[in-house]
Amino acid sequence: MAKYVCVCGYEYDEALGEQSQNVAPGTKWENVPDDFACPICGLGKENFTEE
Ligand SMILES: [Zn+2]
């Protein structure tokens, strides 16, 4: 599975999801809600790049 990294350095790992945003483990980035906010800096998905 892929990983996506925020401009602040936070990493979203599809295999892990993001509990604080109610994103279940195994959720593909394309299926992460558009209102997802980085748990560290609060920026949205457009600030993430595929690692
Ligand atoms: Zn961030």
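Above: the structure in question.
The following paragraphs examine the structure supplied in this document. Nothing here was measured: the structure is a model prediction, and the numbers come from that model.

The rules behind these values
Position numbers for residues start from 1 in each chain and track the written sequence from start to end. Given that this is a predicted model, residues contribute local features only at a pLDDT of at least 70 and side-chain atom pairs are listed and counted only at 80 or more, while totals for whole chains, interfaces and linings are drawn from all residues. Two strands qualify as a pair provided DSSP detects at least 2 bridges between them. Starting at the N terminus, helices and strands are each numbered in turn, a helix being any DSSP run of H or I of at least four residues and a strand any DSSP run of E of at least two. All axes are obtained by fitting lines to C-alpha atoms, using only the stretch in contact for helices, and the reported angles, taken between N-to-C directions, cover 0 to 180 degrees. In this description, a residue-residue contact is defined by the distance between C-beta atoms placed from the backbone, which must lie within 7 Å.

Concerning the sheet that holds strand β1 (residues 3-6)
With respect to topology, 3 strands assemble into an open sheet ordered β2-β1-β3, the strand pairing being antiparallel. Either end of the sheet is taken by a strand with one partner, and the two such strands are β2 (11-13) and β3 (48-50). Strand-to-strand twist in this sheet, taken as the mean axis angle between neighbours without regard to direction, amounts to 25°. With 3 bridges joining them, β1 and β3 adopt antiparallel strand pairing.

Some points on the environment of Ala2
Within the secondary structure layout, Ala2 lies in the segment before β1. Once the C-alpha coordinates of Ala2 and Tyr12 are considered, the two residues, 10 residues apart in sequence, prove to be 8.6 Å apart. Apart from the residues within four sequence positions on either side, Ala2 is in contact with Glu14, Trp29 and Glu50.

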